Amino acid sequence: MLKSTISFPQRVHPDQIAFDIDGVVADTMGAFIKVANAEFGIDYLEKEQITDYWLEKCLPIPEETTLAIIDRLLKDPFGVGLMPIKGARQCLERLAVRSNSLTFVTARPVRQPILDWLLSLLKGIPEDMINVIATGQHTAKPEVLKELGTKIFVEDHLETCEALCDNGIGAVVFDQPWNRQRTPFLRVSSWQEIMQLIKLP
């Protein structure tokens, strides 16, 4: 794993951290591979092949197929069998006990499908505690997070991490095959490592 040159010496309160969804909470690329196989007969993809956040740049499949699968992922997380990343559910449930809300900021253009998925994933958490903001574009995330007073944001997209840092927000990279370029940001590879950044009794 690449080492970070930016660290957070003090743990933050649970209300001061927020999360991206795809690639952090949800195994969206795993779902992409499943849909490619089941619906398009593409049975040769592996997660390690996804070396660029923009899938059309790195996968050996037609761009129109890539876009069709992404459309399915955005509109129907239940239908594509979207699964959580290991440890996400348990850690978010633990955080919910100590925070006023769980905040998720996503570049998805539509909020409701992924909100419904999160509500199903986190059934034991009151609905009004789950705050999902869909910005529609990555570039809108820093301003939204500044308004929320977020200190740390966990993200899998390096360009967004750079923009967050420029806006004084602590960017944490959730390690994935598509973000393994050298970067100064703190890098975590599990939800257990995320929890180490948070001040809990």
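Every value quoted in this text rests on a predicted model; they were computed, and no experiment measured them.

(A) Representation of the side chain of Lys141 in the model. In this fold, Lys141 is placed in helix 5 (residues 141-148). Those residues within four positions of Lys141 in sequence are excluded, and the remaining contacts are Asp20, Val105, Thr106, Ala107, Thr135, Phe153, Glu155 and Thr160.

(B) Quick look at the pattern of salt bridges. Counted according to the given criterion, the structure contains 10 salt bridges. Note that Lys141 and Asp20 form a salt bridge whose closest N and O atoms lie 3.2 Å from each other. Taken together, the residues Lys141 in helix 5 and Asp20 in the loop between strand 1 (17-19) and helix 1 (28-40) connect sequence positions 121 residues apart. Overall, the relative accessible area of 0% leaves Lys141 in the buried class. One salt bridge connects Asp76 with Arg72, and the closest N-O pair in it is separated by 3.3 Å. Each member of the salt-bridge network shares a partner with another, and the members are Glu48, Asp175, Arg180 and Arg187.

(C) Region of the structure containing the pairing of strand 2 (residues 102-106). In terms of burial, strand 2 is a largely internal element, 5 of the 5 residues being buried. Where burial is concerned, the two faces of strand 2 agree: the one with Leu102, Phe104 and Thr106 and the one with Thr103 and Val105 are both buried. The pairing of strand 2 with strand 3 (residues 130-134) spans 5 bridges and is parallel. Paired with Val105 across the two strands is Ile133, which belongs to strand 3.

(D) Spotlight on the environment of Asp27. As for its position among the elements, Asp27 is in the loop between strand 1 and helix 1. Sequence separation between Asp27 and Met83 is 56 residues, and the spatial gap between their C-alpha atoms is 5.6 Å. Those residues in contact with Asp27 that lie beyond four places of it in its chain are Lys47, Leu82, Met83, Pro84 and Ile85. For Asp27, the side chain forms a polar contact with the side chain of Lys47, separated by 2.9 Å.

(E) Seen up close, the environment of Asn131. Turning to its location among the elements, Asn131 is positioned in strand 3. On the basis of relative accessible area, Asn131 is assigned to the partly exposed category, the value being 26%.

(F) Structural context of the packing of aromatic side chains. Taken as a whole, this structure holds 3 aromatic pairs when the rule is applied. Ring geometry for Phe19 versus Phe104: centroids 6.0 Å apart, planes at 40 degrees, classification tilted. Placement of Phe19 in strand 1 and of Phe104 in strand 2 is noted, with a sequence separation of 85 residues between them. When its relative accessible area of 1% is taken as the criterion, Phe19 is described as buried. Given a relative accessible area of 0%, Phe104 falls into the buried group. Through a chain of ring-to-ring contacts, the aromatic side chains of Phe19, Phe104 and Trp191 assemble into a single cluster.

(G) Representation of helix 6 (residues 158-166) in the model. Every buried residue belonging to helix 6 is among Leu158, Thr160, Cys161 and Leu164, and all of these are buried. Here the buried residues of helix 6 occupy an arc of 155 degrees about the axis, which is enough to place them on one side. Exposed side of helix 6, more than 90 degrees from the buried face: Glu159 and Asp166 are the residues found there. Gly168, located one to two residues past helix 6, shows a positive phi value of around 80 degrees.

(H) View of the packing of helix 1 against helix 2 (residues 63-75). Relative orientation of the contacting elements helix 1 and helix 2 amounts to 115 degrees, with a least axis distance of 10 Å. Crossing handedness for the pair helix 1 and helix 2: right-handed. Of the residues in helix 2, those in contact with Thr28, Ala31, Phe32, Val35, Ala36, Glu39 and Phe40 of helix 1 are Thr65, Thr66, Ala68, Ile69, Ile70, Arg72 and Leu73. Classifying every residue of the contact of helix 1 with helix 2 gives 9 nonpolar, 3 polar and 2 charged.

Definitions and cut-offs
Residues numbered from 1 in each chain as written. Predicted model: local features only at pLDDT ≥ 70, side-chain atom pairs only at ≥ 80, totals over all residues. Heavy atoms only, no water. Helix = DSSP H or I, 4+ residues; strand = E, 2+ residues; numbered from the N terminus. Contact = heavy atoms within 4.5 Å. Salt bridge = Lys/Arg side-chain N within 4 Å of Asp/Glu carboxyl O. Buried < 20%, exposed > 50% of the residue type's maximum accessible area, 1.4 Å probe, protein only. Pairing = 2+ DSSP bridges. Polar contact = N/O pair within 3.5 Å; in protein donor to acceptor, adjacent residues only side chain to side chain. Phe/Tyr/Trp six-rings, centres within 6.5 Å; stacked < 30°, edge-to-face > 60°. Arc of directions from axis to C-beta. Axes fitted to C-alpha atoms, helices over the stretch in contact; angles between N-to-C directions. Left-handed = near helix turned anticlockwise from the far one by under 90°. Nonpolar A, V, L, I, M, F, W, Y, C, P; charged D, E, K, R; others polar.

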